[in-house]
Amino acid sequence: MNITEDELRQITLQAIDELGEKASPETVKKVVTEIIQKSGETVVDNTAKQTESGKVILTSFGLNHPGIVAGITQTLAGTNCDIMDISQKILSDFYTMIMVVDISNANVTLQELQQKMNAVADKLKIKIYIQHEDVFKHMHRV
Amino acid sequence: MPYEFEEILETIKMTEVEHFDIRTVTMGISLRDCYDRNIEVTKEKIYSKIIKHAKNHVKYAEQIEAQFGIKIANKRIAVTPISIPFDAFSSKDFIEIAKTLDKAAGDVGVDYLAGFSALVQKGFTNGDLEMINAIPYALAETKRITSSVNVASTKAGINMEAVNLMAKVVKKTAELTKEHDSIGCAKLVVFCNIPEDNPFVAGAFHGVSEPEVTINMGISGPGVVLDAIKNAGFTDLNTLAEIIKKTAFKITRAGELLGKKVAQMHGVPFGIVDISLAPTPAEGDSIADVLKAMGVEDVGAPGTTAALAMLNDSVKKGGLMASTSVGGMSGAFIPVSEDQGMIDAAKAGHLSIEKLEAMTSVCSVGLDMIAIPGDTSAESIAGIIADECAIGIINDKTTSARLIPAYGKKVGDYVDYGGLLGKAPVIPVSTLNSKNFVSRGGRIPAPMRSLTN
């Protein structure tokens, strides 16, 4: 962490201001050193900041065969995801299934759920996509 | 179910089959507070500021990609036009600044950083001249820096001194990067009416009226529009315009959503969505293919300009309704080397530089990524730039020239950069002389159009 001269001056001036009458060369030095050490440690990271409703759309399709719904729902149950709606269509050998899933109380992040579902998709030789609900809301609702 | 089955499948089809992606999420960073008398301190300030704001840029964008299942092809940075805050420096210092920017871009993991730029439509400051003269060396000695210079505007007219200077700079850049097919020229754009919030590299920069830090989004999606047109069958043009509008609406909405989410993660204001159809050399991601699907045999056929005008207008109308903050270029791009259909048309001789010039009068940019013979004179290049600027100032629109006078190459040869920059055949330029016109210098006065008050 590099601090420019300007920033250092600002920190010092603010420290003097806040210390008021207590300001002496020693106390100011102590406070400024503390601030600089602290600022070195704080790495701003908003990765976990997610403000959405927590609903995702899981779309799955491929050749129909036994065990597909079981495979998917098992993983959803295991991660504490709540299925709010299911809809599916079968056209000759092909199926398409769409689920609305609430992941608000899930014990995994969306990325981890996607990774788990990729493994399921590989095993069952089908395709599974998980996308946040908002993208459908924005694209198809005015 | 809150959504129709077909709606969900349509979105999946767009992202998985039709190459729908967000072309770029560009973080604009102001460098106006980074000046110091001492060049070393300036470099330190620039580096720290970029790292401070853009450290998580790539990471956040990737997280949003995963969350919404839509790919963001490029994560980039734009900065304040370098000539403005650092006006007091010399050419040598500007090259140092370019290297610092290059290092910062590499360290935060973005492929391009744009804004090695100057705005000289009305005249040069000393710093502008020093900076422009540094461009060929800066582009030759860095990998990730792109440069743009605005030489004309509707309000100011065309600065012919700047046009002539830029023609020489383009030639010099081609020479200094001759080992790599004059790749420096692919990173240098000469503009008229440059937008201040364009997220698309190489012409991006962070305008002087922009906030401290902002996120701008550039959408893409020629593949989605292409499929929509193909599926529509042989309809009349009203219906076709409607189809393009609806498609543009959907992709713009997705773009705006993702842009806002990335900005939210950074805790910075969201800027604009640039509703441009931007092609890539990938199969099915081509503007030329869209024009062909509309009915012209190949790009360059009579009717091409009309088809492009309609496409461009429909994309704007759909996009405008979809987003409250439209900006940047907003229109279709027709770069030759970055679009397989355009490459093929140029190779087949269907596409001349004159037809391309006509097309630029109805789309969002100008003569873009066009390889011309290496021995084209600086005067001819100046003439081409001046023609583009004339289209821009009279029609009150952005135009540009990103020409590659490929050093040592002649008509029929190729420049090949791979990746997004693609590959282009060298096409002929008229050998008629315009020296006695361009060398008069001075300024072409601002047109009638400028007196709008």
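Residues numbered from 1 in each chain as written. Chains lettered and ligands numbered in written order. Predicted model: local features only at pLDDT ≥ 70, side-chain atom pairs only at ≥ 80, totals over all residues. Heavy atoms only, no water.

Q: Looking at this model, I keep getting lost on the sheet that holds strand S4 (residues 127-132) of chain A. Mind explaining?
A: Sheets are built from strands paired through backbone hydrogen bonds, the pairs being either parallel or antiparallel. Residue and element names in this part refer to chain A. Strand order in the open sheet made by the four strands is S2-S3-S1-S4, with antiparallel pairing throughout. Here the strands that pair on one side only, and so sit at the sheet edges, are strand S2 (82-91) and S4. The average angle at which neighbouring strand axes cross in this sheet is 15 degrees, direction not considered. Where strand S1 (residues 55-63) lies against strand S3 (residues 94-102), nine bridges are found, and the strand directions are antiparallel. For Lys-55, the partnering residue across the bridge sits in S3 and is Asp-102. Packed on one face of the sheet, helix H4 (residues 110-124) meets S1 and S4 and runs near 165 degrees to S4. Contacts from helix H5 (residues 133-140) reach S1 and S4, with the element oriented near 75 degrees to S4. (Pairing = 2+ DSSP bridges. Helix = DSSP H or I, 4+ residues; strand = E, 2+ residues; numbered from the N terminus. Axes fitted to C-alpha atoms, helices over the stretch in contact; angles between N-to-C directions. Contact = heavy atoms within 4.5 Å.)

Q: Help me understand the interface of chain B and chain A, please; the structure alone is not making it clear to me.
A: Each partner contributes to the interface: chain B provides 39 residues, whereas chain A provides 40 residues. For the pair chain B and chain A, the summed buried area comes to about 3,600 Å², and 58% of that belongs to carbon and sulfur atoms. Sorting the residues of chain B by area buried against chain A places Tyr-3, Phe-5 and Gln-67 of chain B first, and these three jointly supply 20% of that buried surface. Taken together, the connections running from chain B to chain A amount to three salt bridges. Here Glu-6 of chain B makes a salt bridge to Lys-89 of chain A, at a shortest N to O gap of 3.2 Å. Taken together, chain B and chain A are joined by eleven residue pairs in polar contact (both at pLDDT 80 or more). Sorting the residues of the side of chain B that touches chain A by element identifies helix H1 (5-16), helix H2 (39-54), helix H3 (57-68) and helix H8 (237-266) of chain B as the ones contributing at least two each. Top element by residues in the side of chain B that touches chain A is H1 of chain B. It accounts for eleven residues. Split into classes, the residues belonging to the side of chain B that touches chain A amount to 18 nonpolar, nine polar and twelve charged. (Buried area = accessible area lost by both parts, 1.4 Å probe. Salt bridge = Lys/Arg side-chain N within 4 Å of Asp/Glu carboxyl O. Polar contact = N/O pair within 3.5 Å; in protein donor to acceptor, adjacent residues only side chain to side chain. Nonpolar A, V, L, I, M, F, W, Y, C, P; charged D, E, K, R; others polar.)

Q: I keep staring at the environment of Leu-119 of chain B and nothing clicks. Help me out?
A: All names here are of chain B. With respect to the helices and strands, the residue Leu-119 is situated in strand S3 (residues 113-119). Since its relative accessible area comes to 24%, Leu-119 is described here as partly exposed. Taking C-alpha positions, Leu-119 is 20 Å from Ile-46, a pair spaced 73 residues apart along the chain. Not counting the four nearest positions on each side in its chain, Leu-119 is found in contact with Ser-83, Ile-84, Asp-128, Asn-150, Ile-194 and Phe-205. (Buried < 20%, exposed > 50% of the residue type's maximum accessible area, 1.4 Å probe, protein only.)

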